[in-house]
Amino acid sequence: RWIRRGCRNFPGAEPLVPWMFDILRELFGQGGGAPGGLRPSDPEAFRLACAVLLVEVMRAEPDVTDAEREAVLAGLRRRFTLGEEELQHLVASAEEASRSANDFHRFTSELNERLDAPEKAAVVETLWEVAYADGQVGDHEHHLISRIAGLLHVTHGEYIAAKLHAKQSAGL
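Everything numeric here is computed off the predicted structure, so don't read it as measured data. (Residues numbered from 1 in each chain as written. Predicted model: local features only at pLDDT ≥ 70, side-chain atom pairs only at ≥ 80, totals over all residues. Heavy atoms only, no water.)

Within the protein one finds eight helices and zero strands. Secondary structure elements of the protein, listed N to C terminal, follow the sequence α-α-α-α-α-α-α-α. By residue count, 37% of the 172 residues in the protein fall in the buried class. Of the roughly 10300 Å² of accessible surface on the protein, a fraction of 53% belongs to carbon and sulfur atoms. (Helix = DSSP H or I, 4+ residues; strand = E, 2+ residues; numbered from the N terminus. Buried < 20%, exposed > 50% of the residue type's maximum accessible area, 1.4 Å probe, protein only. Areas by Shrake-Rupley, 256 points an atom, 1.4 Å probe, with all protein chains shown as cover.)

Moving on to the side chain of glutamate 68. By the secondary structure assignment, glutamate 68 is in helix α3 (residues 66–79). Although glutamate 68 is buried, it forms no salt bridge, and the closest oppositely charged side chain is arginine 69 at an N-O distance of 8.5 Å. When residues no more than four places from it in sequence are discounted, the contact partners of glutamate 68 are Met58, Asp63, Val130, Ala133, Asp134 and Glu141. (Lys, Arg positive; Asp, Glu negative; His and termini not counted. Salt bridge = Lys/Arg side-chain N within 4 Å of Asp/Glu carboxyl O. Contact = heavy atoms within 4.5 Å.)

On to the packing of aromatic side chains. In the structure shown here, the tally under the stated rule is three aromatic pairs. Their ring planes at 85° and their centres at 5.8 Å tell us that phenylalanine 46 and phenylalanine 80 sit as a pair that is edge-to-face. Pair noted here: phenylalanine 46 is in helix α2 (residues 43–59) and phenylalanine 80 is in the loop between α3 and α4 (84–100), with a separation of 34 residues, a long-range link. Of the two residues examined, phenylalanine 46 and phenylalanine 80, each falls in the buried class. (Phe/Tyr/Trp six-rings, centres within 6.5 Å; stacked < 30°, edge-to-face > 60°.)

Let's shift gears to the environment of leucine 144. When you line up the elements, leucine 144 lands in helix α7 (residues 139–151). Of the residues examined, leucine 144 reaches a relative accessible area of 7% and is grouped as buried. Residues leucine 144 and alanine 60 lie 84 residues apart in sequence; the distance between their C-alpha atoms is 7.5 Å. For leucine 144, the contacting residues outside a window of four places in its chain are Glu56, Val57, Ala60 and Phe104.

For the rest of this paragraph, the subject is the side chain of glutamate 141. Along the polypeptide, glutamate 141 turns up in helix α7. Lysine 163 provides the closest opposite charge to the buried, salt-bridge-free glutamate 141, at an N-O distance of 10 Å.

On to the nonpolar core. Within the largest apolar cluster, 44 residues are counted, with the highest numbers of intra-cluster contacts made by Val72, Leu76, Leu111, Val124, Trp128 and Ile145. Looking at this core, the elements that each hand over two or more residues are α2, α3, α4, α5 (105–114), α6 (117–132), α7 and α8 (156–169). Counting residues per element, this core draws most heavily on α2, at eleven residues. (Core = buried A, V, L, I, M, F, W, Y, C linked by side-chain atoms within 4.5 Å.)

Here we take up the packing of α2 against α7. Each pair of packed helices can be summarised by the angle the axes make with each other and by the distance between the axes. Where α2 contacts α7, the axes come no closer than 9 Å and their chain directions differ by 155°. Of the possible angle classes, the one that applies to α2 and α7 is roughly antiparallel. Judged by the sense of rotation from one axis to the other, the crossing of α2 with α7 is right-handed. Contacts between α2 and α7 involve Leu53, Glu56 and Val57 from the former and Glu141, Leu144, Ile145 and Ile148 from the latter. Looking at the contact of α2 with α7, its residues break down into five nonpolar, no polar and two charged. (Axes fitted to C-alpha atoms, helices over the stretch in contact; angles between N-to-C directions. Parallel < 35°, antiparallel > 145°, perpendicular 65-115°, else oblique. Left-handed = near helix turned anticlockwise from the far one by under 90°. Nonpolar A, V, L, I, M, F, W, Y, C, P; charged D, E, K, R; others polar.)

Time to look at the pattern of salt bridges. Applying the stated criterion across every chain yields a total of five salt bridges. Its salt-bridge partner being arginine 69, residue glutamate 95 comes within 2.9 Å of it at the nearest N-O pair. One end of the pair, glutamate 95, is in helix α4; the other, arginine 69, is in helix α3, with 26 residues separating them in the sequence. Looking at arginine 69, the relative accessible area reads 32%, which means it is partly exposed. Note that glutamate 110 is salt-bridged to arginine 114, the shortest N-O span being 2.8 Å. Within this pair, glutamate 110 and its partner arginine 114 are both found in helix α5, separated by four residues, close to a single helical turn. Arginine 114 sits in the partly exposed class, given a relative accessible area of 31%. Beyond isolated ion pairs, a larger network of salt bridges with shared partners links Glu70, Arg77 and Glu84.

See the structure below:
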């Protein structure tokens, strides 16, 4: 099945394309879903993606403070209409997903599909609010937010404006 026949390099080989697409469909298509269980049309996947990014900033430094945890909850409250129990469950799910994630691509892709530029800038501002919640921004937090902003295709101007607005809101 994996041997190519009809190509220039292999006399008498048939084209590779028809069955290769079948293999890709088996791996990624029907019933398989997106990597990590995220589905583009799933509102829970969108909420989880937002929550994971906030949790990642909260966990960027070794000591997680109550102020940072509350900033995560406040950011999610502003974005979603959820009860307190649902918020706590969302944050717990986000912490679990955060620990098992290899990168941010699947989460930022979910946001890129659903948000326009001003909404993405608002997400970056909320990330900065979490970082500033304990009164200081560590190098890891700064680097992480910069990476996420890049993956969200937030312009440098929007990134700086979000940072300054969050800093001002934190009273720093």
